[in-house]
Amino acid sequence: MANDVRTHLIGLLLGAEEDWPRAFESVLAQVGGIDVGGTTHTLTSERVRIHPFDLTDPVRHELVIDRLAYWYYHPREWLKKTSLMNDTYLLNSPFTFQSMEKHSAYVAMLRLGMKIPKTVLVPYKNPVDNTRWAYTAAKYNDPFDLEAIAEEVGYPLFMKPFDGGGWRGVSRVDDVETLHKAYDESGNMLMHLQATVDYDHFARALTIGPETMVMDFRPEQPMHNRYAVSHDFLSPQAGWEAETVSKVVNAFFGWEFNSAEMLVAGDEVHPIDYANACPDVAITSLHYYFPWAITALVRWSAYCLVTGRKSAIGVRNPRSYFEIADDPDRSYLEKMQAYRALADDEFETEQYWQWCEQHLPHLPERVLEWATSSDFDDLLVDTVRGHYPPHEHEKFIAHFRGLTGMWATDQGYGSS
């Protein structure tokens, strides 16, 4: 008797991106049919169009990967409708990113005892656009000494918007002069003052479902050179903790496609930024790590759709984390281990890897073939030509070919 066939449609909600969607479509095509319990599951994708919608309109997409709604409100409200009305799985859900921006994320992880640098929120430099501002400010706003706060936080420090957004408005403050300059330029952005720490490495962890890659990030470098290919740049303990921070943050907030940034000094890990609704997955920055990221995105999408996993609409059960956080008999390490267990349970980590081994064992080899094909090279060349001026094309094509070629070699390409 022939299997039943079920087709799952993935929607790609995109901004100004061509590289990773093309890659996702290519890798998704390598998945093939997935046979489970007498049903053959096939996965397809399409790029989502934006148009008026009735709140009761049917939605064909079972899962949507969102790269747009963090700034474009119309598709953001469509995503909310699809989640609430149609039970569409969202990567990521706008519900928590809208309410739990970087400020809330700092507070929650401080509650869990993570080593967040000292952070102070200060009022707006310029008034908000509201006719009631003058009365409220005159009657209730306390005067404050910005210089005294900065001294307490300690120089150097960073001034950055409470809600973040692609390094928007971030300033390094070394002294009183740069403090006032940064605050004056902040305008009507609401700003944090955050201490920095002397660190050995700036780590960025990209987490997609249960999978995490901790990368050696160099923010002072141009974007094409920020991710260093360094596999053992952290100690085993710091590497485990950096991975754990990223996983726990995501499990706590229901984020399944997110990056976390940490300053690492020895075995000490200090999270500084971990609410990124649209994490970097560009080939021109991730390069070596790009094939892994796309593979992880395809694997997690396939797993969620075929197993019928339900998407989070809001923050998932924070009380379980708070009970651990408030236990005076647990050490910091014991708390982190307990948080990690909760996160692995949330993302079904053990079941996920068993499922991938059973149903997608062919995918790594297929991705390796794709990453060494003319199709991949066309993608790389087209992306470089779309991002860099003509006189730099040859240099950057060679640069990214070298790094992605290194990945292929490390995966065993060309070995007998």
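In this report, we go over the structure that sits alongside the text. (Residues numbered from 1 in each chain as written. Predicted model: local features only at pLDDT ≥ 70, side-chain atom pairs only at ≥ 80, totals over all residues. Heavy atoms only, no water.)

**Quick word on the pairing of strand 13 (residues 257-265)**
Counting buried positions along strand 13 gives eight out of nine residues, so the element sits mostly inside the fold. Alignment of strand 10 (residues 201-208) against strand 13, held across eight bridges, turns out to be antiparallel. By the bridge assignment, His-201 is partnered in strand 13 with Val-264. Inspection of the sheet shows strand 13 paired to strand 14 (residues 268-273) by five bridges, in the antiparallel sense. Across the sheet, Met-262 pairs through a bridge with Pro-271, a residue of strand 14. (Buried < 20%, exposed > 50% of the residue type's maximum accessible area, 1.4 Å probe, protein only. Helix = DSSP H or I, 4+ residues; strand = E, 2+ residues; numbered from the N terminus. Pairing = 2+ DSSP bridges.)

**Some points on the packing of aromatic side chains**
Using the criterion set out here, one finds 24 aromatic pairs in the structure. With a centroid separation of 6.4 Å and 80° between ring planes, the pair formed by Phe-144 and Tyr-183 is classed as edge-to-face. One end of the pair, Phe-144, is in the loop between helix 5 (133-140) and helix 6 (146-153); the other, Tyr-183, is in helix 7 (residues 176-186), with 39 residues separating them in the sequence. Assessed through its relative accessible area of 36%, Phe-144 is described here as partly exposed. Aromatic ring contacts, followed pair by pair, group Phe-252, Phe-253, Trp-255, Tyr-321, Phe-322 and Tyr-339 into a single cluster. The aromatic ring of Tyr-73 is capped on one face by Arg-76, whose charged end is 4.2 Å from the ring centroid. (Phe/Tyr/Trp six-rings, centres within 6.5 Å; stacked < 30°, edge-to-face > 60°. Lys NZ or Arg CZ within 6 Å of the ring centre and 35° of its normal.)

**What about the packing of helix 8 (residues 236-253) against helix 12 (residues 332-346)?**
Pairs of packed helices are described in terms of their axes, by the angle between the two and the distance that separates them. It is at 9 Å that the axes of helix 8 and helix 12 come closest, and there the two elements cross at 50°. As summarised for this structure, helix 8 and helix 12 are arranged oblique, according to the angle between their axes. With respect to the hand of their crossing, helix 8 and helix 12 are arranged in left-handed fashion. Along the contact surface, helix 8 presents Gln-237, Trp-240, Glu-241, Glu-243, Thr-244, Val-245, Lys-247, Val-248 and Ala-251, while helix 12 presents Tyr-332, Leu-333, Met-336, Gln-337, Tyr-339, Arg-340, Ala-343, Asp-344 and Glu-346. Residues that form the contact of helix 8 with helix 12 fall into these classes: nine nonpolar, three polar and six charged. (Axes fitted to C-alpha atoms, helices over the stretch in contact; angles between N-to-C directions. Parallel < 35°, antiparallel > 145°, perpendicular 65-115°, else oblique. Left-handed = near helix turned anticlockwise from the far one by under 90°. Contact = heavy atoms within 4.5 Å. Nonpolar A, V, L, I, M, F, W, Y, C, P; charged D, E, K, R; others polar.)

**Remarks on the sheet that holds strand 7 (residues 157-161)**
Ordered in space as 6-9-7-8, the four strands form an open sheet in which the pairing is antiparallel. Where the open sheet ends on each side, the last strands, each with one partner, are strand 6 (119-122) and strand 8 (171-173). Neighbouring strand axes in the sheet, compared pairwise and without regard to direction, differ in orientation by 25° on average. Across the face of the sheet, helix 4 (residues 102-111) comes into contact with strand 6, strand 7 and strand 9 (191-195) while running at roughly 40° to strand 9. Along the sheet, helix 7 contacts strand 6, strand 7, strand 8 and strand 9; its crossing angle with strand 8, the most-contacted strand, is approximately 150°.

**Observations concerning the pairing of strand 14**
Counting buried residues in strand 14 gives five out of six residues, a clear majority hidden from the surface. Remark: two residues form the turn of the hairpin made by strand 13 and strand 14, two consecutive strands paired antiparallel; Gly-266 in that turn has positive phi of roughly 65°.

**Section: the sheet that holds strand 12 (residues 227-228)**
The strand order 12-11-10-13-14 describes an open sheet built from five strands, whose pairing is antiparallel. The open sheet has two edge strands with one neighbour each: strand 12 and strand 14. Two strands pair when backbone bridges link them, and strand 10 and strand 11 (residues 211-217) are joined in this way by seven bridges, in the antiparallel orientation. Bridged to Leu-206 within strand 11 is Met-213.

**Here we look at the pattern of salt bridges**
Should the charged atoms of two oppositely charged side chains come close, the side chains can pair. As enumerated under the stated definition, the model contains 24 salt bridges in all. Among the salt bridges present, the one from Arg-67 reaches Glu-17, with a minimum N-O distance of 2.9 Å. Here Arg-67, found in the loop between strand 4 (63-66) and helix 2 (73-86), pairs with Glu-17, found in the loop between strand 1 (4-13) and helix 1 (19-28); they are 50 residues apart in sequence, far enough to count as distant. As far as burial versus exposure is concerned, Arg-67 and Glu-17 are alike and both buried. In this structure, the salt-bridge partner of Lys-181 is Glu-185, at a minimum N-O distance of 2.8 Å. Of the two residues, Lys-181 and Glu-185 both sit in helix 7, four residues apart, roughly one turn of that helix. (Salt bridge = Lys/Arg side-chain N within 4 Å of Asp/Glu carboxyl O.)

**A closer look at the nonpolar core**
Grouped together as the largest cluster of nonpolar side chains are 100 residues, with contacts concentrated most on Trp-20, Phe-24, Ile-65, Met-109 and Phe-290. Here the element with the most residues in this core is helix 10 (residues 290-307); it accounts for 13 residues. Sequence-distant contacts of Ile-65, defined by excluding residues within four places in its chain, comprise Ile-10, Gly-11, Leu-12, Leu-13, Trp-20, Phe-24, Leu-91, Phe-257, Leu-297 and Ser-301. Counting 15 residues, the second largest nonpolar core, distinct from the first, contains Val-122, Tyr-183, Met-189 and Leu-193. (Core = buried A, V, L, I, M, F, W, Y, C linked by side-chain atoms within 4.5 Å.)

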